[in-house]
Amino acid sequence: MQISKSRANIMLFVAAIIWGAGYIWSKQATNAGMHAGLINAIRGFIYAGLVYLLFHRAVNHMSRLDLRIGLTAGIINFLGYQIQTVGLMYTTPANNAFLTAIYVVIVPFVVWLFFHQRPEPKSYLAILICMVGMAFLTNVVGHGLTLHLGDLLTILSAFFYALQIVYFGMSATQSNPWTLAFLLGLTQGVLGGAWSLLFERGSYASVNWQAGLVPVIILGIASSFGAQTLQVLGQRFTDPTPAGLILMLESVFGSVFSVAFGFEPFTYNLLVGGALIIVALLIMQVGLRRLWR
């Protein structure tokens, strides 16, 4: 399979849209009393099950290399999500979203550190504009940013997200994409289930299963099987830095869907923040001179 860089970036763009919509389904699941580990476990097993159902021949021929790469990617992916979710318990949603977005700053330097590839000069300007956009989007510019325990955990999760993007784009390309997708889902399901059994069992009785299961099933099918598979495929044929910037559009689309479904009002910050992030993506894609023209 060979995909052009522009098509790969489109795949990542679609993944960002789906993940943006995923905030609505996640909100519905948490409103029903489900916690992060339980949500992770259910959607992870759905993801692994769908991949095996459709691509079991590739999964059955998994090599040791596939297993090692898939488990490593799965653990990195799980740690990023779980630490971010725990951090959210001890900080504000705005701080959580803004600090998670720091991964776009970390990505090019992780590539530089581990693979000795210097970032393109335009990357620095694009990243700066992107972070200013996130500051507007989360209204950090209005309320300020104060660091607490949750903020430090969120910064740690941002490192794992950056590591995941680089690993998907560099090392994981050596693995079969369908075995990688299967192991991502399986790892998410097993680790999420273990976390839930250890720390969330007391909340099971208060879960509204009828209201919570449908959105989690949608998350498993759309956000995990759909969007994460697009990420796995797309990142094989593009570079980590633009991939990180494109995937960060998830936060913009999350805000758009949140406004559309009445969870929050449309604001000036949403307009300015979203516009700045889009400008940053265009700079990465076409360059500042061509964009100016």
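Above this text is the structure in question.
Thresholds, definitions, all that
- Each chain carries its own residue numbering, running from 1 in the written order of its sequence.
- Per-residue local features of the predicted model are confined to residues with pLDDT of at least 70, and side-chain atom pairs are confined, for both listing and counting, to 80 or more; whole-chain, interface and lining totals are unaffected and use all residues.
- Each side-chain value is worked out from all heavy atoms of the structure, with water and hydrogens disregarded.
- Numbered from the N terminus, helices here are DSSP runs of H or I no shorter than four residues, and strands are runs of E no shorter than two.
- Where accessible areas are quoted, they stem from the Shrake-Rupley method and a 1.4 Å probe; at the residue level, only the protein chains shown are allowed to cover.
- Note on terminology: a nonpolar core comprises buried Ala, Val, Leu, Ile, Met, Phe, Trp, Tyr and Cys residues joined through side-chain atoms within 4.5 Å.
- When accessible area is computed with a 1.4 Å probe and restricted to protein chains, residues below 20% of their type maximum are described as buried, those above 50% as exposed, and intermediate ones as partly exposed.
- A contact between two residues is defined here by any heavy atoms of the two lying within 4.5 Å.
- Without a salt bridge and with relative accessible area above 30%, a residue can belong to a patch; like charges are then joined within 9 Å and nonpolar side chains (Val, Leu, Ile, Met, Phe, Trp, Tyr) within 5 Å.
- A pairing counts as a salt bridge when a side-chain nitrogen of Lys or Arg comes within 4 Å of a carboxyl oxygen of Asp or Glu.
- Angles run from 0 to 180 degrees between N-to-C directions of axes, and those axes are lines fitted to C-alpha atoms, restricted for helices to the stretch in contact.
- Working definition: roughly parallel below 35 degrees, roughly antiparallel above 145 degrees, roughly perpendicular at 65 to 115 degrees, and oblique for all remaining angles.
- Take the far helix as the reference: if the near one is turned anticlockwise from it by less than a right angle, the crossing is left-handed, and if turned clockwise, right-handed.
- Any residue that is not Ala, Val, Leu, Ile, Met, Phe, Trp, Tyr, Cys, Pro, Asp, Glu, Lys or Arg is counted as polar, Gly included; the first ten are nonpolar and the last four charged.
- The rule is short: rings of Phe, Tyr and Trp, with Trp giving its six-membered ring, pair when the centres are within 6.5 Å, and they are stacked under 30 degrees, edge-to-face over 60, tilted in between.

1. Description of the overall build of the chain
Then comes step 1: On a plain count of helices and strands, the chain comes out with 14 helices and zero strands.
Then comes step 2: Counting from the amino terminus, helix and strand elements in the chain follow one another as α-α-α-α-α-α-α-α-α-α-α-α-α-α.
Then comes step 3: Surface summary for the chain: the accessible area is close to 14100 Å², and the carbon and sulfur share equals 68%.

2. Digging into the nonpolar core
Then comes step 1: Core analysis: the largest hydrophobic core is formed by 38 residues, its most contacted members being Y103, V104, L247, M248, L249 and I277.
Then comes step 2: Aside from chain neighbours lying at most four places away, what touches L249 is F13, A16, I277, I278 and L281.
Then comes step 3: Core analysis: the next-biggest nonpolar cluster, separate from the first, contains 19 residues, Y47, V51, F225 and V232 among them.

3. Looking at helix α11 (residues 240-247)
Then comes step 1: For α11, the buried fraction is high: eight of the eight residues fall into the buried class.
Then comes step 2: Looking only at α11, the buried set comprises P240, T241, P242, A243, G244, L245, I246 and L247.

4. Some points on a nonpolar patch on the surface
Then comes step 1: On the surface, W209, L213, I217 and I221 cluster together to form a nonpolar patch covering roughly 320 Å² of accessible area.
Then comes step 2: Among the secondary structure elements, L213 is positioned in helix α10 (residues 209-234).
Then comes step 3: Assessed through its relative accessible area of 32%, L213 is described here as partly exposed.

5. Focus on the packing of helix α1 (residues 5-31) against helix α12 (residues 249-260)
Then comes step 1: Packing of α1 against α12 leaves a shortest axis separation of 7 Å and a crossing angle of 45°. Between α1 and α12, the angle is such that the two are oblique. By crossing handedness, the relation of α1 to α12 is classed as right-handed. Within the contact between the two elements, α1 uses F13, A16, I17, W19, G20, A21, Y23 and I24 and α12 uses L249, E250, F253, G254, F257 and S258.
Then comes step 2: Classifying every residue of the contact of α1 with α12 by side-chain character gives 10 nonpolar, three polar and one charged.

6. Remarks on the packing of aromatic side chains
Then comes step 1: A complete count under the given rule lists nine aromatic pairs for this structure.
Then comes step 2: When the centroid spacing of 6.2 Å and the interplanar angle of 50° are considered together, the rings of F109 and Y124 count as tilted. You can see F109 sitting in helix α5 (residues 103-115) and its partner Y124 sitting in helix α6 (residues 121-137), a full 15 residues away along the chain.
Then comes step 3: Judged by its relative accessible area of 38%, F109 falls in the partly exposed class.

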